[in-house]
Every structure is written in structure tokens, then in C-alpha cells.
Amino acid sequence: MNDHDTGDRSRRRIRLGMVGGGEGSFIGAAHRIAARLDDQFELVAGALSSTAERAHASAAALHIPRERSYANYAEMARAEAQRPDGIDAVAIVTPNHLHVPVALAFAEQGIHVICDKPLATSLAQARTLAETARARGLLFLLTHTYAGYPMVRQARDLVAAGELGELRIVQVEYAQDWLGEPAEQQGNKQAEWRADPLRAGPAGALGDIGTHAYHLACYVSGLRVQELSAELTRFVPGRVLDDHVQAMLRFDGGARGMLWASQVASGASNALRLRVYGTRASLHFDQEQPEQLWLAPRGEPARLLRRGLPPQTQTQPGDQRVPAGHPEGYLEAFAQLYRDFAQAWRGHGSADFPGLADGLEGMAFIEAVLRSHQQNAGWVRME
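Throughout, residues of each chain are indexed from 1 in the direction in which the sequence is written. For a predicted model such as this one, the threshold for reporting local features is a pLDDT of at least 70, and the threshold for listing and counting side-chain atom pairs is 80 or more; totals across whole chains, interfaces and linings nevertheless cover every residue. Hydrogens and water are ignored here; the side-chain numbers use all heavy atoms of the structure.

Chemist: So what exactly am I meant to see when it comes to the overall build of the protein chain here?
Modeler: Numbering of helices and strands starts at the N terminus; helices are DSSP runs of H or I of at least 4 residues and strands are runs of E of at least 2. Scanning the protein chain from N- to C-terminus turns up eleven helices and 14 strands. Every radius of gyration here is taken over C-alpha atoms, with the globule rule written as 2.2 Å times N^0.38, N being the number of residues. Taking 2.2 N^0.38 as the reference for a compact globule, 383 residues should give roughly 21 Å; the C-alpha atoms of the protein chain span a radius of gyration of 21 Å, in line with that estimate. Oriented by its inertia axes, the alpha-carbon framework of the protein chain measures out at about 65 × 50 × 40 Å. A total of 383 residues make up the protein chain; the buried ones form 56% of that total. Residue contacts follow a heavy-atom distance rule, with two residues in contact if any of their heavy atoms lie within 4.5 Å. Partitioning the intrachain contacts of the protein chain with sequence separation of at least 6 by distance along the chain shows that 68% fall at a separation of at least 24. Using a 1.4 Å probe, the Shrake-Rupley method yields the accessible areas, and only the shown protein chains count as cover for residues. Put simply, the protein chain shows about 16,400 Å² of open surface, and 49% of that area lies on carbon and sulfur atoms. In the protein chain, which carries 39 positive and 44 negative side-chain charges, the distance between the mean positions of the two groups comes to 2 Å. A simple rule labels every residue: compare its accessible area, found with a 1.4 Å probe on the protein chains alone, to the largest value its type can have, and call it buried under 20%, exposed over 50%, or partly exposed in between. As used throughout, the charge tally considers Lys and Arg to be positive and Asp and Glu to be negative, leaving His and the chain termini uncounted. To locate a charge, the coordinates of NZ of Lys, CZ of Arg, CG of Asp or CD of Glu are taken.

In C-alpha cells:
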């Protein structure tokens, strides 16, 4: 751990740095809003773009002092580690190929890491990073945002409490349509890097939203996939990486499931849905209606559980910010992960948020899907 970890942590905000996320970045802005929402973090440094001029302009717009706006992440990691007021944690919001090198640069300086998903572009890379971060005892948050929704956490608690009985079926889907046209050839920078295997890695929609769907299924069910059979498709002509994935899943304990994720599903905005069926009851969660969770006991009418309305809803007070009827959504879920990280950093709770283990599991899923696809959707075991 670095020298920044000494002193009374309860008396100040966590000093946050950011790599990537400059002007025009959706995910960078989402991270910054999430970090500020509970007033636990202060953004004080950044290497916000690979272009120095754009990095400095972005930093100025965010009120970051010029001397703490860096031209590259390696310089930032070294300089911040030497400052008495250096950053406590770094948020990495770059294209996928930079996640590991950036995280390693800061982890080697003893700086905690908050990283967008997927963790890496290969399982081998992910393991190297995990070994370094764990050896140094660092906190590592992987921002699987949907794990921050109160009703997702209640779904997990209901499963863990046995309310569904023995689990039999887990179905998850994530549908978007924003890549239904060749946006990467039309000047869309977010599409450009996601369609480039040098920056996105070997997985397109699989890595971008398929990993979110997979994590949600495992997070709520508490199950892990043993084997899968999967197919990748490129529907848009000229596209190098997949824009659609479908997989059959065999979970430990005998449960079965299916996953499909598509970025060419016309008319779909951000349709992430999860259904879990057990011997006693089932659950249904729809991300576009995040305040709601349906619980359907076998032989009884389905019950609509709504955030903040007891006694049916048992979300924790720390998992919500406003009374029922005042909608909470994506940004609040994102902020919940930052709040969880802050609590762990201050020593007020365990690191009960998506982290290195989830990142390794996600990379194992990606590589298993790729292997299965290469074998004409043959069944393969998860590593």
C-alpha cells in the first residue's frame, strides 16, 4: 500500500484520478457522476486522452489543475505516487486493450483501481493483473453497473434465502440496436474502437454487453457455468467482430440456461432482462424497469416488488437514496458501486462489489464462447 493510505480516512474525500474519459466520452461522464453522487470522491488528476492537447482541454473543463493533467498514464502513475496528496484510486475508462497495462501501472504504485469491464482482452492478461493487485492488497472494483440496482440485490438475496427453491433455469438477454448499421464506418468513435480487435480484443458484442448479461445471471443466481455451447454472428457486412451472441449454459448443480446478447436487435434500446426459475418460485427483472422485481410463487399470483416499499421489499437503506416513487436508475446503480468501494476503503465494510474474481470469470466466459464458436457451437468446459 502507498503512503496515501495512512491517516484518518473518515475526514476527507477519496482522491480520484481518471485515465480516459475525456471530452465526448459517455462512460467517463457516467463514472464522474457516480463518484460525485454521494460526495465520497474528488477528481483531482487525469490522463483523459491519448492526445495531449485534448487531455489538457478535457482536464481544464473538469477543473483539474494543469500540473495534474498528464499526457500519458505511465507518467501519471509515477507522479501521483510521489505526491503527498496523490490519488488514492484511479478510474480506468479506456478501450479494452488498455485496461490491463493501465491498471498494472497504478497497482504497481500501490494505488487502488476502479476499472470498466471487461477486465482484459485475454484470460492470461487478467490473471497477471489479478496476481499483482492481490499481492499488494489493493481494492479493485470492476464496474458491472447492474449489480448496483437495489432490486437486483434483492433478487440475489431472495435466491440465497431459498425463496425460489432449487434453481432449475436461468435465462438472460441483453438487446440493443445501436450497431444495426455500420456505425464504425460513419464516424462514431464509440463504435470504431468496439469494432476494432486491436482495441476491443477478440470479442465484440460478446465482450461489450455479453459479459454484463453473464455477470448478472451469475450474480443473482449464485451459480457458475461449467459448460457452454455458443455461436457468434456478424450480421453487418464488413464487420470484423461479432454483433450477436447466443449460448446454452450448463450450471453447477444441474441448472440449465440460455444467454443471448445482440447489438443489432432493431427497436431495442438497452433491454437487459433476467429470469430465474426454481422449484418453488421464479424471479423476473427488467433493467428498463429497474424499480421493479416480479416474484412468482408456483400456484400463486405473481407479486410485484417495488424498491422502497416494505414489507415485501427488503432492500438495504444503504442501497437507495430517495423515497419510493422517486425513480432511481442507471446512474444511481453506478454510484452504488462507488459507494461500496468508498465504504471498503474507509474500513466500514467488506469489498462486496464486483472485482477481480468477477473479471476473471468474465474472461473465462469470453474465451469459452470463442472456443465453442470455433468448434461449430460444440460444448466446451469453462476454465
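Text resumes after the structure shown.
Chemist: Would you mind showing me how to read helix 2 (residues 52-61) here?
Modeler: Given 3.6 residues per turn, any residue in an α-helix points the same way as the ones three and four places further on. Taken as a whole, helix 2 has its buried residues at Ala-55, His-56, Ser-58 and Ala-59. All buried residues of helix 2 lie within an arc of 160° about the axis, which places them on one face of the element. Structural note: helix 2 exposes Glu-53, Ala-60 and Ala-61 on the side pointing more than 90 degrees away from its buried face. His-63 sits one or two residues past helix 2 and shows a positive phi near 65°. This arc is built from the directions going out from the helix axis to the C-beta atoms.

Chemist: Sorry if this is basic, but what is going on with the sheet that holds strand 6 (residues 167-175) here?
Modeler: The strands making up a sheet associate through hydrogen bonds between their backbones, and the pairing can be parallel or antiparallel. Paired strands are those between which DSSP finds at least two bridges. A sheet is described by the order of its strands in space; here nine strands give the open sequence 13-12-11-10-6-9-8-7-14, paired in mixed fashion. Strand pairing shows two members of the sheet lacking a second neighbour, strand 13 (303-306) and strand 14 (380-381), which therefore form its edges. As judged from the two bridges shared by strand 7 (residues 225-233) and strand 14, these two strands associate in the antiparallel manner. In the sheet register, Leu-228 faces strand 14, and the bridge partner there is Val-380.

Chemist: Explanation requested: unusual backbone geometry in the structure shown.
Modeler: Note the cis peptide between Lys-117 and Pro-118, where omega equals -5°. Tracing the sequence through the fold places Pro-118 in the loop between strand 4 (112-115) and helix 5 (123-135). The backbone of Asn-376 sits at a positive phi, close to 55°, despite the residue not being glycine. Tracing the sequence through the fold places Asn-376 in the loop between helix 11 (356-374) and strand 14.

Chemist: Is there a simple way to explain the pairing of strand 10 (residues 271-278) in this structure?
Modeler: The side chains of a regular strand alternate between the sheet's two faces. For strand 6 and strand 10, the ladder comprises eight bridges, and the chain directions are antiparallel. Bridge pairing links Tyr-174 to Leu-272 in strand 10. Hairpin geometry of strand 10 and strand 11 (residues 281-286) is characterised by an intervening segment of two residues between the two adjacent antiparallel strands.

Chemist: Would you take a moment to explain the nonpolar core for this structure?
Modeler: Soluble globular proteins tend to pack their nonpolar side chains together in the buried interior. The term nonpolar core refers to a set of buried residues drawn from Ala, Val, Leu, Ile, Met, Phe, Trp, Tyr and Cys, joined through side-chain atoms within 4.5 Å. Counting residues in hydrophobic clusters, the biggest one holds 84 residues, and the most contacted among them are Met-76, Phe-106, Phe-140, Leu-206, Val-220 and Leu-228. Residue contacts for Leu-228: discarding those within four places in its chain leaves Met-248, Leu-249, Phe-365, Ala-368, Val-369, Ser-372, Gly-378, Trp-379, Val-380 and Met-382. One finds Ile-14, Leu-139, Leu-141 and Phe-334 within the second-largest nonpolar core, a separate group that totals 26 residues.

Chemist: Help me understand the sheet that holds strand 3 (residues 89-93), please; the structure alone is not making it clear to me.
Modeler: The five strands are arranged 2-1-3-4-5 in an open sheet whose pairing can be described as parallel. Both edges of this open sheet fall to strand 2 (41-47) and strand 5 (140-142), since each of them pairs with a single strand only. Strand-to-strand twist across the sheet, computed as the mean angle between neighbouring axes with direction ignored, equals 20°. Both strand 4 and strand 5 contribute to a ladder of three bridges, which runs parallel. Within strand 5, the residue paired with Val-113 across the bridge is Phe-140. Comment: axis = line fitted to C-alpha atoms, over the contacting stretch for helices; angle = value between 0 and 180 degrees taken between N-to-C directions.

Chemist: Can you help me understand a nonpolar patch on the surface in this one?
Modeler: A cluster of nonpolar side chains, namely Met-248, Met-258 and Trp-379, defines an oily patch on the protein surface of about 280 Å² accessible area. Its location among the elements puts Met-258 in strand 9 (residues 256-262). A patch consists of residues exposed above 30% relative accessible area that lack any salt bridge, with like charges linked at up to 9 Å and nonpolar side chains (Val, Leu, Ile, Met, Phe, Trp, Tyr) linked at up to 5 Å. What makes a salt bridge here is a side-chain nitrogen of Lys or Arg within 4 Å of a carboxyl oxygen of Asp or Glu, nothing more.

Chemist: What should I look at first to understand the state of the cysteines in this one?
Modeler: In protein chemistry, a disulfide is the covalent bond that joins the sulfur atoms of two cysteines. By convention in this document, the label disulfide applies to cysteine sulfur atom pairs within 2.5 Å. Enumeration over the complete set of coordinates arrives at zero disulfides. With no disulfide of its own, Cys-115 lies closest to Cys-218 among cysteine sulfurs, the gap being 19 Å. On the basis of relative accessibility, which here comes to 4%, the residue Cys-218 falls in the buried class.

Chemist: Which parts of the structure should I look at to understand the environment of Val-369?
Modeler: Take Val-369: it is sitting in helix 11. Along the backbone, Val-369 and Arg-234 are 135 residues apart, and their C-alpha atoms lie at a distance of 15 Å. The residues touching Val-369, leaving out its near neighbours within four places in the chain, are Leu-206, Leu-228, Ala-230, Leu-232 and Val-245.

Chemist: Is there a simple way to explain helix 10 (residues 330-345) in this structure?
Modeler: Take the residue count of a helix, subtract one, and multiply by 1.5 Å to get its expected span. Counted at 1.5 Å a residue, the expected span for helix 10 with its 16 residues is 22 Å, and the 23 Å between its end C-alpha atoms agrees. The element helix 10 is largely enclosed, with a buried count of twelve among its 16 residues. By the burial criterion, the buried members of helix 10 are Ala-333, Phe-334, Ala-335, Gln-336, Leu-337, Tyr-338, Arg-339, Asp-340, Phe-341, Ala-342, Ala-344 and Trp-345. Of the residues trailing helix 10, Gly-347 is marked for its positive phi of about 80°.

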